[in-house]
Every structure is written in C-alpha cells, then in structure tokens.
Amino acid sequence: YAGEKLLCQVSITEAEYGLGRVKVPNTDDNYYYIPVLAFRGTVVYISDKSGTVYYDNTPENADEKPPILLCINAIDGSIISN
C-alpha cells in the first residue's frame, strides 16, 4: 500500500459447527443447507515501519461476535465462498 510493507495479523478466536446456506448451481432463488465449520476472528493490517493501522475488523462493541473469516464444507472439505 503506497509503497509500504504491510503486516497482516490474523487471530482465529472461535470455531463453530452448524448449517450453512449454499446457492444451488445455475439458479438465483434456490439454496442447499449443508453442515459447515465456520472460523471467526479478526484481521489487522499494519504498516511495518510506521505502525499505522490500515484495516482492523475488530468489533467495536465487546458484546459482538467477531466476523466469520472462513467457512468449510463439512462434507467434502471445500471452501465456501461468499
């Protein structure tokens, strides 16, 4: 970013098992519900030299759960994209 080297700090804070909704191929309105493993956590991008924080997705409210970073299909291990 602007010629600076950025460090990315990823912290996985929670793992959840449940059902996820996946769109049926070649349709706009139909979905499957499949078992998924979801990982929640935070991501922070910091300048290596200045320490400037360029991105931080840490929830502002302590009662909020961190965002989901990754969902894995528990049937076949594939990554589920948004």
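It should be emphasised that the depicted structure is a prediction, and the values quoted were computed from it without experimental measurement. What you see as residue numbers is a count from 1 along each chain, following the sequence as written. Owing to the predicted nature of the model, reporting of local features is limited to residues with pLDDT of at least 70; listing and counting of side-chain atom pairs is limited to 80 or more, with chain, interface and lining totals taken over all residues. For the side-chain quantities, the full set of heavy atoms in the structure was used; hydrogens and water were omitted.

1. Notes on unusual backbone geometry
Backbone phi values are negative for most residues with the exception of glycine, while trans is the configuration of most peptide bonds.
And then number 1: Of note in the backbone geometry, N26 takes a positive phi value of approximately 65° without being a glycine.
And then number 2: Helical segments are the DSSP runs of H or I of at least four residues, strand segments are the runs of E of at least two, and each set is numbered from the N terminus. Residue placement: N26 occurs in the loop between β1 (6-23) and β2 (31-47).

2. Looking at the packing of aromatic side chains
And then number 1: In summary, the pairing rule links any two rings of Phe, Tyr or Trp, Trp by its six-membered ring, whose centres are within 6.5 Å, and it sorts them by plane angle into stacked for under 30 degrees, edge-to-face for over 60 and tilted for everything else. The final tally for this structure, using the stated rule, is one aromatic pair.
And then number 2: Put simply, a charge is over a ring when the Lys NZ or the Arg CZ is close to the ring centre, within 6 Å, and near the line of the ring normal, within 35 degrees. Above the plane of the ring of Y31 lies R21, whose end atom (NZ or CZ) is 3.8 Å from the centre.

3. As for the pattern of salt bridges
And then number 1: Here, a salt bridge means any side-chain nitrogen of Lys or Arg that lies within 4 Å of a carboxyl oxygen of Asp or Glu. Tallying each qualifying case throughout the model produces three salt bridges.
And then number 2: Residues E14 and K65 are paired through a salt bridge, measuring 3.9 Å at the closest nitrogen-oxygen approach. Here K65 lies in the loop between β3 (53-56) and β4 (68-73) and E14 lies in strand β1, a separation of 51 residues in the sequence.
And then number 3: Of the charged contacts, one joins K65 and E16 as a salt bridge, the two residues approaching to 3.0 Å between their closest N and O atoms. Residue K65 is located in the loop between β3 and β4, and its partner E16 is located in strand β1; the two are separated by 49 residues in the primary sequence.
And then number 4: Summary of the burial criterion: residues with accessible area below 20% of their type's maximum are buried, those above 50% are exposed, and those between are partly exposed, where the area comes from a 1.4 Å probe applied to protein chains only. Its relative accessible area of 25% is what places E16 among the partly exposed residues.
And then number 5: Taken together, the salt bridges that share partners define one network made up of E14, E16, R40 and K65.

4. Regarding a nonpolar patch on the surface
And then number 1: Here, patches come from residues exposed beyond 30% relative accessible area and free of salt bridges, joined within 9 Å for like charges and within 5 Å for nonpolar side chains (Val, Leu, Ile, Met, Phe, Trp, Tyr). Each accessible area is a Shrake-Rupley result for a 1.4 Å probe, and residues are judged covered by the shown protein chains and nothing else. Taken together, the side chains of V10, I12, L69, L70 and I79 make up a nonpolar region of the molecular surface, amounting to roughly 420 Å² of accessible area.
And then number 2: Taken together, the elements giving at least two residues each to the nonpolar patch come down to β1 and β4.
And then number 3: Considering the arrangement of structural elements, one finds L69 in strand β4.

5. A look at the state of the cysteines
And then number 1: Cysteine sulfur atoms are paired as a disulfide whenever they fall within 2.5 Å. Tallying each qualifying case throughout the model produces zero disulfides.
And then number 2: Considering cysteine sulfurs only, C71 is the nearest to C8, which forms no disulfide, with 18 Å between them.
And then number 3: By relative accessible area, C8 is classed as partly exposed at 41%.

6. Structural notes on the pairing of β4
And then number 1: The sheet contact formed by β2 and β4 spans five bridges and is antiparallel. Pairing of R40 across the sheet is with I68, part of β4.
And then number 2: One requirement defines pairing of two strands: DSSP has to find at least two bridges between them. Count of turn residues in the β4/strand β5 (residues 79-80) antiparallel hairpin: five residues, of which G77 carries a positive phi of about 80°.

7. What about the nonpolar core?
And then number 1: Buried Ala, Val, Leu, Ile, Met, Phe, Trp, Tyr and Cys residues that are joined via side-chain atoms within 4.5 Å together make up what is termed a nonpolar core. Within the largest apolar cluster, five residues are counted, these being I34, V36, A38, C71 and I80.
And then number 2: With three residues, the top contributor of residues to this core is β2.
And then number 3: In what follows, a contact means two residues having at least one pair of non-hydrogen atoms within 4.5 Å. Excluding its chain neighbours within four sequence positions, the residues that come into contact with A38 are E14, A15, E16, I68, L70 and C71.

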